[in-house]
Amino acid sequence: MSVSDGRPVTRVVVGVSGSSGSLTALRRAAAEARHRRAELWPVLAWQPPGGHLAAHRLPEASVAGEDHERLARRTLLSALRDVFGDSGADLPVRARVARDAPGRALVGIAGRADDLLVVGAGRRGPLGRALWPSVGRYCLAHAACPVLAVPPSPLQAALARARRRNRWRLRLDTGHLEREFASVPPDV
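About the thresholds
Residues numbered from 1 in each chain as written. Predicted model: local features only at pLDDT ≥ 70, side-chain atom pairs only at ≥ 80, totals over all residues. Heavy atoms only, no water. Pairing = 2+ DSSP bridges. Helix = DSSP H or I, 4+ residues; strand = E, 2+ residues; numbered from the N terminus. Axes fitted to C-alpha atoms, helices over the stretch in contact; angles between N-to-C directions. Salt bridge = Lys/Arg side-chain N within 4 Å of Asp/Glu carboxyl O. Core = buried A, V, L, I, M, F, W, Y, C linked by side-chain atoms within 4.5 Å. Buried < 20%, exposed > 50% of the residue type's maximum accessible area, 1.4 Å probe, protein only. Contact = heavy atoms within 4.5 Å.

**As for the sheet that holds strand β3 (residues 11–15)**
One key point about sheets: their strands pair by backbone hydrogen bonds, in either a parallel or an antiparallel sense.
At step 1: Taken in spatial order, the 5 strands line up as β5-β4-β3-β6-β7 in an open sheet, and their pairing is parallel. Of all the strands in the sheet, the pair left with one neighbour each is β5 (96–99) and β7 (147–150). Between one strand axis and the next, the sheet turns through 25° on average, direction left out of account.
At step 2: As paired elements, strand β6 (residues 116–120) and β7 share 4 bridges and run parallel to each other. What sits directly across from Leu117, in β7, is Val147.

Below, the structure written as structure tokens:
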């Protein structure tokens, strides 16, 4: 752990999955880290298929686990490259890959009171909330530090609608998209 004047350096821990919502959260976390003169800790958490018990029982699961960890590292590096480009970030970054449930991993890493935990707050309907537990809600309920839940970009919903129309081979109303894009502030 880095120290400055004998005090621990403040950390901004951010959950990264490679999704567009997590990239938005990573951008916001980088801005917060710059503002606070803190270290940025992007974390990608993963679990073996079938959970930890299945990984311990099956010998071939350990080989598959190594493949999944390698994929997780590649996904994290790709997300960092997407946000910061090939030149890298202009702040100290300590990327982590954790083998655990995403919420537990993030809360465990951001365990100090002076940390800031940044998570994406994706929009999901009732069915999505029932099938996939929310990492953001878990972090808000269990974190020992402040949590910043970053909403998705307003353009994300428009992009999802355009993809659905494309999947169903429906005509795309570009006038509607143009009006929607014009209503979004330029800094988003």
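**Some points on the pattern of salt bridges**
Side chains that differ in charge, positive against negative, can pair when their charged atoms come close.
At step 1: Counted according to the given criterion, the structure contains 10 salt bridges.
At step 2: With a shortest N-O distance of 3.0 Å, Arg70 and Asp67 are connected by a salt bridge. In this pair, Arg70 and Asp67 both sit in helix α3 (residues 59–84), 3 residues apart, roughly one turn of the helix.
At step 3: Members of the salt-bridge network, linked through shared partners, are Arg11, Arg112, Asp114 and Asp115.

**What about the nonpolar core?**
Looking at soluble globular proteins, one finds that nonpolar side chains tend to be buried together.
At step 1: In terms of nonpolar packing, the biggest core is built from 23 residues, with Val12, Val14, Leu26, Leu40, Phe84 and Val118 touching the most fellow members.
At step 2: Only β3, α1 (20–36), β4 (39–46), α3 and β6 provide two or more residues apiece to this core.
At step 3: Residues in contact with Leu26, not counting those within four places in the same chain, are Val14, Val16, Leu40, Pro42, Ala79, Leu80, Val83 and Phe84.
At step 4: Listed in part, the 13 residues of the second largest apolar core include Val13, Val43, Ala98 and Ala110.

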